[in-house]
Amino acid sequence: MTRFHYLKENCIHVIPSKRVSMKARLGLLLTTILSCFILYSCMSQEQQEQVLQNSEPQSVDVTVNVGGDSRAERFLGTFDQISRLSLDIDRNYGNKRVVTDFPLKKEGSQWTGTINKLIVGFDYTITGHAYKNDNASGDNSSDNNSFTEIFRGDTQHTVTEGTNSLNLRLSPLLDDRELTVPRITRINRPFQMAASSSDNITVAVDTVKKDGSSAVDGTLSYRFRSVDNDSMPLDNSSGGSFSPSEGDISKTGSSYPDISTNYTAPDNDSTMKLQIRVSNELEIGVTSHFNVYVTDDIETQNTIDTNPVIENISAERLDNGDLKWTMNVSNDDGFVDGAGNLNLKVKWEYLFGDNRTFTNKTNTVTQGDNNRGVMQATMSGYQDSDDGMLLVTVCEDGDLTEIPDDCAYMNEASTSI
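Note that the coordinates shown come from a computational prediction; the quantities given were computed from them, not determined experimentally.

Chemist: Could you give an account of the nonpolar core, with specific residues and numbers?
Modeler: Val64, Leu87, Ile89, Leu118 and Tyr124 are the most contacted members of the largest nonpolar core, which totals 26 residues. Ranked by residue count, the leading element in this core is strand S4 (residues 82–91), at four residues. Setting aside residues up to four positions removed in sequence, Val64 forms contacts with Leu85, Leu104, Gln110, Trp111, Leu166 and Leu168. Core analysis: the second largest hydrophobic core is formed by 21 residues, Val205, Tyr263, Ala265 and Val294 among them.

Chemist: Explain the packing of aromatic side chains residue by residue, including any values.
Modeler: Overall, the coordinates contain seven aromatic pairs when judged by the stated rule. On the basis of an interplanar angle of 75° and a centroid distance of 6.5 Å, the ring pair of Tyr131 and Phe147 is categorised as edge-to-face. Of the two residues, Tyr131 is situated in strand S8 (residues 123–133) and Phe147 in strand S9 (residues 147–158); the sequence distance between them amounts to 16 residues. Phe147 carries the same exposure label as Tyr131, and that label is buried. A ring pair is formed by Phe191 and Tyr293, whose centres lie 5.0 Å apart and whose planes are at 50°; its orientation type is tilted. Of this pair, Phe191 sits in the loop between strand S12 (181–188) and strand S13 (192–194) while Tyr293 sits in strand S20 (residues 285–295); the two residues are 102 residues apart in sequence, bridging distant segments of the chain. Under the relative-accessibility criterion, Tyr293 is labelled partly exposed at 31%. Through a chain of ring-to-ring contacts, three or more aromatic side chains come together here, namely Tyr222, Phe224, Phe242 and Tyr263.

Chemist: Which residues make up the pattern of salt bridges, and what values go with them?
Modeler: For the structure on display, the rule yields 11 salt bridges. Note that Asp101 is salt-bridged to Arg84, the shortest N-O span being 3.2 Å. Residue Asp101 is located in strand S5 (residues 96–103), and its partner Arg84 is located in strand S4; the two are separated by 17 residues in the primary sequence. Asp101 gets classed as partly exposed once you look at its relative accessible area, which sits at 25%. Since its relative accessible area comes to 14%, Arg84 is described here as buried. With a closest N to O distance of 2.5 Å, Arg97 and Asp90 form a salt bridge. By relative accessible area, Arg97 is classed as partly exposed at 41%. The structure contains a network of salt bridges with shared partners spanning Asp88, Asp90 and Arg97.

Chemist: How would you explain the state of the cysteines if you had to name every residue and give the values?
Modeler: According to the stated counting rule, one finds one disulfide in the structure shown. Residue pairing for Cys395: its cysteine sulfur links by disulfide to Cys407, the two sulfurs lying 2.1 Å apart. Where Cys395 bonds to Cys407 through sulfur, the torsion about that S-S bond is close to 75°, and the disulfide is right-handed. Of this pair, Cys395 sits in strand S26 (residues 389–396) while Cys407 sits in the loop between S26 and strand S27 (414–416), and the two are 12 residues apart along the sequence. By relative accessible area, which is 11% here, Cys407 ends up buried.

Chemist: Outline the pairing of strand S22 (residues 323–330), listing residues and values.
Modeler: The side chains of a regular strand alternate between the sheet's two faces. With respect to burial, S22 is a largely interior element, six of its eight residues being buried. Pairing of strand S21 (residues 309–317) with S22, which is carried by eight bridges, proceeds in the antiparallel orientation. From the neighbouring strand, Asn312 faces S22, where its bridge partner is Asn328. With antiparallel pairing between neighbouring strands as the criterion, S21 and S22 make up a hairpin whose turn holds five residues, including Gly321 at a positive phi of roughly 95°. Strand direction decides the pairing type here: S22 and strand S25 (residues 369–379), joined by eight bridges, are antiparallel. Bridging across to S25, Ser330 finds its partner in Arg372.

Chemist: Would you mind going over the sheet that holds S21 in detail, with residue names and values included?
Modeler: The strand order across the open sheet built from four strands is S21-S22-S25-S24, with neighbouring strands paired in antiparallel fashion. The open sheet is flanked by S21 and strand S24 (358–366), the only strands paired with a single partner. Mean inter-strand twist for the sheet, computed between neighbouring axes without regard to direction, equals 15°. For S24 and S25, the ladder comprises seven bridges, and the chain directions are antiparallel. For Val365, the partnering residue across the bridge sits in S25 and is Gly373.

Conventions and cut-offs
- Sequence order sets the numbering: in each chain, residues are counted from 1 along the sequence as written.
- For this predicted model, a pLDDT threshold of at least 70 governs which residues receive local features, and a threshold of 80 or more governs which side-chain atom pairs are given and counted, while totals over whole chains, interfaces and linings are taken from all residues.
- Excluding hydrogens and water, the side-chain figures rest on all heavy atoms present in the structure.
- The set of buried Ala, Val, Leu, Ile, Met, Phe, Trp, Tyr and Cys residues whose side-chain atoms join them within 4.5 Å is what this entry labels a nonpolar core.
- Accessibility here uses a 1.4 Å probe with only protein chains present; expressed as a share of the type maximum, an area under 20% marks a residue as buried, one over 50% as exposed, and anything in between as partly exposed.
- Under the DSSP-based scheme used, a helix requires at least four consecutive residues in state H or I and a strand at least two consecutive residues in state E, with every element numbered from the N terminus.
- Contacts were defined at the residue level, with two residues in contact if any of their heavy atoms lie within 4.5 Å.
- Pairing of aromatic side chains requires ring centres within 6.5 Å, counting the rings of Phe and Tyr and the six-membered ring of Trp. Pairs whose planes differ by under 30 degrees are stacked, by over 60 edge-to-face, and all others tilted.
- Basic side-chain nitrogens of Lys or Arg form a salt bridge, by our definition, when they fall within 4 Å of a carboxyl oxygen of Asp or Glu.
- Only a pair of cysteine sulfur atoms within 2.5 Å qualifies as a disulfide here.
- Here the rule is simple: two strands pair whenever DSSP picks up at least two bridges between them.
- Inter-axis angles, ranging from 0 to 180 degrees, are taken between N-to-C directions of lines fitted to C-alpha atoms, where helices are fitted over the stretch in contact.

In structure tokens, the structure reads:
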């Protein structure tokens, strides 16, 4: 038979009786061991309470090594975007918060700081918060509203004298925002450049979202490249260079600023296919390609090139889906001759796509200007999925022996677009 008495310390004291069986002895042994554990726990709490009463917080140096995986997809940021790291510190004994949002300073690959409210020998739960700077000006403002928390993690640590090194594993925070999707609305670029020359390229962007969606406009990233016909990037010597070649833009007011870069063409004549990609923070974006024609230096001669000039071309979709092409053309030798006969020939072609025919071809001289006129043709069967190339060639009439009778691409005295 065993009797229990509670002491003032709330620890258990065991008093065995004289007659005990083997089973009772085993129970007595287990009860004694349990009592020792409880007694030790009470003594440990008393010791910690005594240490806490007799101790004063002191300065403790803290060094944090950030660990974990750096991923961007579906997360708010990456390790290289961390611009602020702060600590929340809770003392395990008494479950008391002793430090809130204590900022650390970055020194190389480590973050360091001196904290004045920790007691050597006590256990603490330390939580780290990593932020990226969303301040459009890019400075390290202390205003917390300009920061977004992108990583968080905690660790258990017993404070020691001297420098305390924390291996704080930070986990990326899930990006649960709904972001708008970027689109490219306009590209201004040079149509033709001399080899090794430079010119500006400007791209206007906007965003779209589904009606009724709560999607927000975030930071957009852009990248310029020179690519081959398989969209593989070229090096600077063969594809030219961009300054800058990539970057980020944030919305200011109701719109995004235009993306601007300076393109330097390669030192050879070629047709350069340039690529611009714009994406949001979830890597959802749009890519557009355009050509720039690079030529050798042009030598001037004391002759006048009287080839016809295609001033502009436009297309209008008709009700049945056909495209009506309209082209303004001028010619120094006259759009028509004195008798009103057309001085020019035109050839409409659709290459590298489905078979398309051209009908309703008309050529009309501009009233009061015999050197200028309008050429039109209707392309039948056009579909939005078409991926071909329209080639229009305007030729001078073949009355001269060096000018072929049939109008064709690369003919003498011809212009193509």
